[in-house]
Amino acid sequence: MTALFFLVALVLLISAVGVVASRNAIHSALFLVGNLMSVAVMFAMLNAHFLAVVQVIVYAGAIMVLVLFVLMLLNIKLENQPALGKLVIGLAGLGGLAFLWMMVPLLQRSFAAIPQSAVDVQGSVREVGKLLYTQYVFPFEAASLLIMAAVVGAVMLAKRRYRA
Amino acid sequence: MEIVILLIKVFVVFNVIMGLASICTWVERKGSALIQDRIGANRAGAFVETDVFLLKPVAFVVRWLGILGVINTLLCDAVKAIFKEDFVPEGTSQFMHCLAPFMAVLPVFVSFAILPLAPDFEVMGYHIRPQLATIDAGVLFLLAMGSIAVYGVALAGWTGNNKFSLLGGLRASAQMISYELAMGLSIVSVIVMYGTLDLFEMVKAQSSVWGIFQSPTAWLSFIILFIVGMAETKRGPFDLPESESELVAGYFTEYSGMKFLVFWLGEFAEIALFSAIIVLLFFGGWNIPFVQLPEGAWWAALIGHLVLMTKIMFFCILQIVIRWTLPRFRYDQLMNLGWKILLPIAMVNLMIVAALKVF
């Protein structure tokens, strides 16, 4: 199990670097798919089967497919990409450092919280469902409302050109 | 011993996939000939003769396999594909081009891991559950695998590096995304009906009454799932991504040799997968109507497995017959069917099933 963990972690890190480093937008998107899939494998190894499956359905299966679809439709060529200015690169680097500075304390705290051995949880889908519809029903419904508003907003923005 | 059991399960599941896919290939080739009033493949091996007395029965079998076209469709075509030139178009990533067929096949093969293939039984003191992976999320795993099946097709279209491939790939991904919604909703209604995510438990719940008769609207879920299954395999009246009159061959225009065959294998495995899902969810799995098989006996499990395979083959053949009978949809008809007919029906169906469950 530990060997598998390190293998998946390696894939996860390589694909994460690949997202940023590859010059082709479609390669980036595919690396991101690999990244999200390895996160799903991590969830599965922690016996969070429901989370793993939802991760694949939502991120790898729906969102990234649409991203890939748009990238292919636009057919972005390498020469069409504008070269980044020194200022942009500098600012991006600064932002990255700030993010790292925020992440370090968070990581230190969360390492302690990681369960050392994967516990066998039975019926975790049932448990997640129960929690979502009892204790967390308000945030859950609020999130669905937010998504609904986003969908309607996207359609409104896209269709505005065609209105008389 | 656990490892041995697991390896045997892997072997069996793999052979079930390959067996179903080969039978589908043969039925497709020979059945399409039957439907179109042709003869079809009947030459290779049909004239095998031998003077050795002991080999006479073998020659007899080979002759008949040849006349029925089995040798032609399963052996000769595969050998031909292996020795063909493996062409990779210029100006595209060779790695991605080689990866695409396998990304198209992998989700289908992996999906078979969670399908129960026979009732559980005891042998030599071991309790064996003929299902490769027992995961908590159950049926949802099928949805997850269905949703990543798009990548192989999209990549194949993109790495073809020409307009026909790209259009085929885009059509295929748009079609698969659109129909996945209806598929998800109809599967959710089935989950609500049985109250479990475990396919094994679902089949056990059908031991007296088949799933399609258990709820007044279960037949709606079945019809939606059947239509969506044909659309997801990109066959039948839904073969716009590879429509030969417009797009040469769609997303696999640039594929030749074994890679082309891998796409075909994936297509037939997917037909078998959807038939298996339909049988397990709605048509009782390995249960025979009015007959109770004894629990735990290995021979009962074997009979159950054969019953299940027979039912799966029935739906495979039904899909193939529909494919060779109905004309292709227009693109707007395809999208209207997916979004304006199947999706609302699936939603209403889900509400009805949930309401019946509560009240």
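Before reading further, recall that the structure is shown in the block above.
Here we summarise the structure given alongside this text. These numbers come from a predicted model, not from an experiment. (Residues numbered from 1 in each chain as written. Chains lettered and ligands numbered in written order. Predicted model: local features only at pLDDT ≥ 70, side-chain atom pairs only at ≥ 80, totals over all residues. Heavy atoms only, no water.)

Here's the deal with the overall build of chain A
Stage number 1. Broken down by element type, chain A carries 6 helices and 0 strands.
Stage number 2. Secondary structure elements of chain A occur, N-terminal to C-terminal, as α-α-α-α-α-α.
Stage number 3. Within the span of chain A, comprising 164 residues, buried residues form 20% of the whole.
Stage number 4. Taking as baseline every contact in chain A between residues at least 6 positions apart, the subset at least 24 positions apart corresponds to 59%.
Stage number 5. Taken as a whole, chain A presents about 12,300 Å² of accessible surface, with 76% of it coming from carbon and sulfur. (Helix = DSSP H or I, 4+ residues; strand = E, 2+ residues; numbered from the N terminus. Buried < 20%, exposed > 50% of the residue type's maximum accessible area, 1.4 Å probe, protein only. Contact = heavy atoms within 4.5 Å. Areas by Shrake-Rupley, 256 points an atom, 1.4 Å probe, with all protein chains shown as cover.)

A short note on the overall build of chain B
Stage number 1. Broken down by element type, chain B carries 13 helices and 2 strands.
Stage number 2. Along the three orthogonal principal directions, the C-alpha set of chain B runs to about 60 × 60 × 45 Å.
Stage number 3. Within chain B, the proportion of its 359 residues that are buried is 54%.
Stage number 4. When contacts within chain B are restricted to residue pairs at least 6 apart in sequence, those whose partners lie at least 24 apart make up 78%.
Stage number 5. Total accessible area on chain B stands at roughly 16,600 Å², and carbon and sulfur atoms take up 73% of it.
Stage number 6. Of the charged side chains in chain B, 22 are positive and 25 negative, and the gap between their average positions amounts to 6 Å. (Lys, Arg positive; Asp, Glu negative; His and termini not counted. Charge placed at Lys NZ, Arg CZ, Asp CG, Glu CD.)

Observations concerning the environment of B:Leu293
Residues and elements named next belong to chain B.
Stage number 1. Here leucine 293 shows up in the loop between helix 11 (257–282) and helix 12 (298–325).
Stage number 2. Residues leucine 293 and alanine 33 lie 260 residues apart in sequence; the distance between their C-alpha atoms is 39 Å.
Stage number 3. When near neighbours in sequence (up to four residues on either side) are disregarded, leucine 293 contacts Ile288, Ala300, Ile303 and Gly304.

Looking at the interface of chain B and chain A
Stage number 1. Taken together, the contact between chain B and chain A spans 23 residues of the former and 24 residues of the latter.
Stage number 2. Summed over both sides, the interface between chain B and chain A buries roughly 2,000 Å², with carbon and sulfur atoms accounting for 80% of that surface.
Stage number 3. For the pair chain B and chain A, the number of links is 2 residue pairs in polar contact (both at pLDDT 80 or more).
Stage number 4. For the side of chain B that touches chain A, the secondary structure elements donating two or more residues are helix 5 (139–148), helix 6 (150–159) and helix 7 (163–194) of chain B.
Stage number 5. Broken down by element, the side of chain B that touches chain A gets its largest block of residues, 6 residues, from helix 5 of chain B. (Buried area = accessible area lost by both parts, 1.4 Å probe. Polar contact = N/O pair within 3.5 Å; in protein donor to acceptor, adjacent residues only side chain to side chain.)

Focus on the packing of helix 7 of chain B against helix 13 (residues 331–358) of chain B
All names here are of chain B.
Stage number 1. Relative orientation of the contacting elements helix 7 and helix 13 amounts to 15°, with a least axis distance of 9 Å. Accordingly, the angle class assigned to the pair helix 7 and helix 13 is roughly parallel. Along this stretch, helix 7 crosses helix 13, giving a crossing that reads as left-handed.
Stage number 2. The residue inventory of the contact of helix 7 with helix 13, partitioned by class, reads 21 nonpolar, 5 polar and 2 charged. (Axes fitted to C-alpha atoms, helices over the stretch in contact; angles between N-to-C directions. Parallel < 35°, antiparallel > 145°, perpendicular 65-115°, else oblique. Left-handed = near helix turned anticlockwise from the far one by under 90°. Nonpolar A, V, L, I, M, F, W, Y, C, P; charged D, E, K, R; others polar.)

Describing helix 4 (residues 94–111) of chain B
Stage number 1. For helix 4 of chain B, built from 18 residues, the straight-helix expectation of 26 Å at 1.5 Å per residue is met to within 8% by its first-to-last C-alpha distance of 27 Å.
Stage number 2. At B:Ala100, helix 4 of chain B shows its maximal kink, close to 30°; a proline, B:Pro101, follows between one and four residues later.
Stage number 3. Against the buried residues of helix 4 of chain B lie helix 2 (25–45) of chain A together with helix 1 (2–35), helix 5, helix 6 and helix 11 of chain B. (Expected span 1.5 Å × (residues − 1). Bend = angle between axes of the 7 residues up to and from the residue.)

With respect to the pattern of salt bridges
When the charged atoms of two side chains lie near each other, side chains of opposite charge can form a pair.
Residues and elements named next belong to chain B.
Stage number 1. Taken as a whole and assessed by the stated rule, the structure comprises 7 salt bridges over all chains.
Stage number 2. One salt bridge in this structure joins aspartate 86 and lysine 259, with 3.3 Å as the shortest N-O distance. Taken together, the residues aspartate 86 in the loop between helix 3 (70–83) and helix 4 and lysine 259 in helix 11 connect sequence positions 173 residues apart.
Stage number 3. Lysine 259 gets classed as buried once you look at its relative accessible area, which sits at 7%.
Stage number 4. Note that arginine 235 is salt-bridged to glutamate 267, the shortest N-O span being 3.1 Å. On the criterion of sequence distance, the pair formed by arginine 235 in the loop between helix 9 (218–232) and helix 10 (244–247) and glutamate 267 in helix 11 is long-range, its members being 32 residues apart. (Salt bridge = Lys/Arg side-chain N within 4 Å of Asp/Glu carboxyl O.)

Some points on helix 3 (residues 49–74) of chain A
Helical geometry note: an α-helix holds 3.6 residues per turn, so side chains three or four residues apart project in the same direction.
Stage number 1. Helix length check: helix 3 of chain A, at 26 residues, gives a terminal C-alpha distance of 36 Å against a target of 38 Å (1.5 Å per residue), a fit within 8%.
Stage number 2. Approximately 30° is the largest bend angle found in helix 3 of chain A, and it occurs at A:Met64.
Stage number 3. Elements that come into contact with the buried residues of helix 3 of chain A comprise helix 2 of chain A together with helix 5, helix 6 and helix 7 of chain B.

Focus: the packing of aromatic side chains
Residues and elements named next belong to chain B.
Stage number 1. Tallied over the entire structure, the rule returns 21 aromatic pairs over all chains.
Stage number 2. Plain terms: the ring middles of phenylalanine 222 and phenylalanine 282 are 5.9 Å apart, the flat faces sit at 65° to each other, and that makes the pair edge-to-face. Here phenylalanine 282 lies in helix 11 and phenylalanine 222 lies in helix 9, a separation of 60 residues in the sequence.
Stage number 3. Ring-pair connections join several aromatic residues into one group, and the members of that group are Trp210, Phe222, Phe226, Phe282, Phe283, Phe314 and Phe315.
Stage number 4. Here the basic side chain of arginine 323 rests over the ring of tryptophan 324, its NZ or CZ set 4.8 Å away from the ring centre. (Phe/Tyr/Trp six-rings, centres within 6.5 Å; stacked < 30°, edge-to-face > 60°. Lys NZ or Arg CZ within 6 Å of the ring centre and 35° of its normal.)

As for the nonpolar core
Stage number 1. Ranked by internal contacts, the top residues of the largest apolar core, which has 115 residues, are B:Leu115, B:Leu199 and B:Phe282.
Stage number 2. Each residue touching B:Leu115, except ones within four places of it in the same chain, is listed here: B:Pro130, B:Gln131, B:Leu142, B:Leu199, B:Leu273, B:Ala276, B:Ile277 and B:Leu280.
Stage number 3. Membership of the second largest hydrophobic core comes to 5 residues, among which are A:Val8, A:Ala9, A:Leu12 and A:Met42. (Core = buried A, V, L, I, M, F, W, Y, C linked by side-chain atoms within 4.5 Å.)

Some thoughts on the packing of helix 1 of chain B against helix 11 of chain B
Residues and elements named next belong to chain B.
Stage number 1. Between helix 1 and helix 11, the least distance of the axes is 8 Å, while the angle of their chain directions is 100°. Relative to helix 11, the element helix 1 lies roughly perpendicular. Between helix 1 and helix 11, the contacting residues are Ile17, Met18, Leu20, Ala21, Cys24, Thr25 and Glu28 on the first element and Trp264, Leu265, Phe268, Ala269 and Ala272 on the second.
Stage number 2. The residue makeup of the contact of helix 1 with helix 11, split by class, is 10 nonpolar, 1 polar and 1 charged.

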